[in-house]
Amino acid sequence: MRFFLCSIFMMMISPIWPLGENPLPGDPYVIVNKRTNELAVILDNKVEGVYSVATGKTDDLTPEGEFSVTVKAANPYYRKKNIEGGSPDNPLGARWIGFDAKGTDGRIYGIHGTNREESIGKFVSNGCIRMHNDEVVHLFRTIPVGTRVLITDDSRSFEEIAIEHKALIKKQDVPNQ
């Protein structure tokens, strides 16, 4: 009996126990709009910031859907061409925020800095989302592993998209406290 009660208790405090909606209102949430090449950070029930980004050369390269941040790395190593983190030749820039698109566990698709700042705002990547280095450092500090990332091609505002995905609560829907 004691083992059974301990097991139930452990399941209840486990991060994989279903605790309700995901994301919870107030949780960080990232939206990337491929149509406008912009990234928005939703934090504390408001759009904290909107940043210009670069996305895939073709529409199919940057996957659409809702994903989770699974990996974060400062000064990431670029395996493909054996380039050390922090090198000015490193195309991943100052930070890597990997997400689990297409079952890749955050190792293939990510939001990262760049050594080609002039590429920001354009359709030039092989699928990742590029940001200015100072902005990706800010994002890296702001969002934890587990943060949901929505990639879409949408003509609506970030607020409308966030409300639909329950990452933002309309002011009239916030209960009185």
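Residues numbered from 1 in each chain as written. Predicted model: local features only at pLDDT ≥ 70, side-chain atom pairs only at ≥ 80, totals over all residues. Heavy atoms only, no water.

- The name an unreviewed UniProt entry gives the protein is Protein ErfK/srfK, with Bacillus inaquosorum KCTC 13429 as the organism.

Description of the environment of Ala-54
Argument step 1. The residue Ala-54 is located in the loop between β3 (46-52) and β4 (55-56) in this model.
Argument step 2. Placed 16 residues apart in sequence, Ala-54 and Glu-38 show a C-alpha to C-alpha distance of 8.0 Å.
Argument step 3. With near-sequence residues (within four places) excluded, Ala-54 lies in contact with Asn-37, Ser-119, Ile-120, Gly-121, Lys-122, Val-124, Cys-128, Ile-129 and Arg-130. (Helix = DSSP H or I, 4+ residues; strand = E, 2+ residues; numbered from the N terminus. Contact = heavy atoms within 4.5 Å.)

Observations concerning helix α2 (residues 133-142)
At 3.6 residues per turn, the α-helix brings residues three or four places apart onto the same side.
Argument step 1. Turning to α2, its buried residues number three or more, namely Asn-133, Val-136, Val-137, Leu-139 and Phe-140. The buried side chains of α2 occupy one side of the element, clustering within an arc of 165° when seen end-on. For α2, the exposed residues lying more than 90 degrees away from the buried face are Asp-134 and Arg-141.
Argument step 2. Buried residues in α2 make contact with β1 (29-33), β2 (38-43), β5 (65-74), β6 (95-99) and β7 (110-112). (Buried < 20%, exposed > 50% of the residue type's maximum accessible area, 1.4 Å probe, protein only. Arc of directions from axis to C-beta.)

Considering the pairing of β6
Argument step 1. Across the five residues of β6, five count as buried, placing the element largely inside the fold.
Argument step 2. Here β6 shows two buried faces, one formed by Arg-95, Ile-97 and Phe-99 and the other by Trp-96 and Gly-98.

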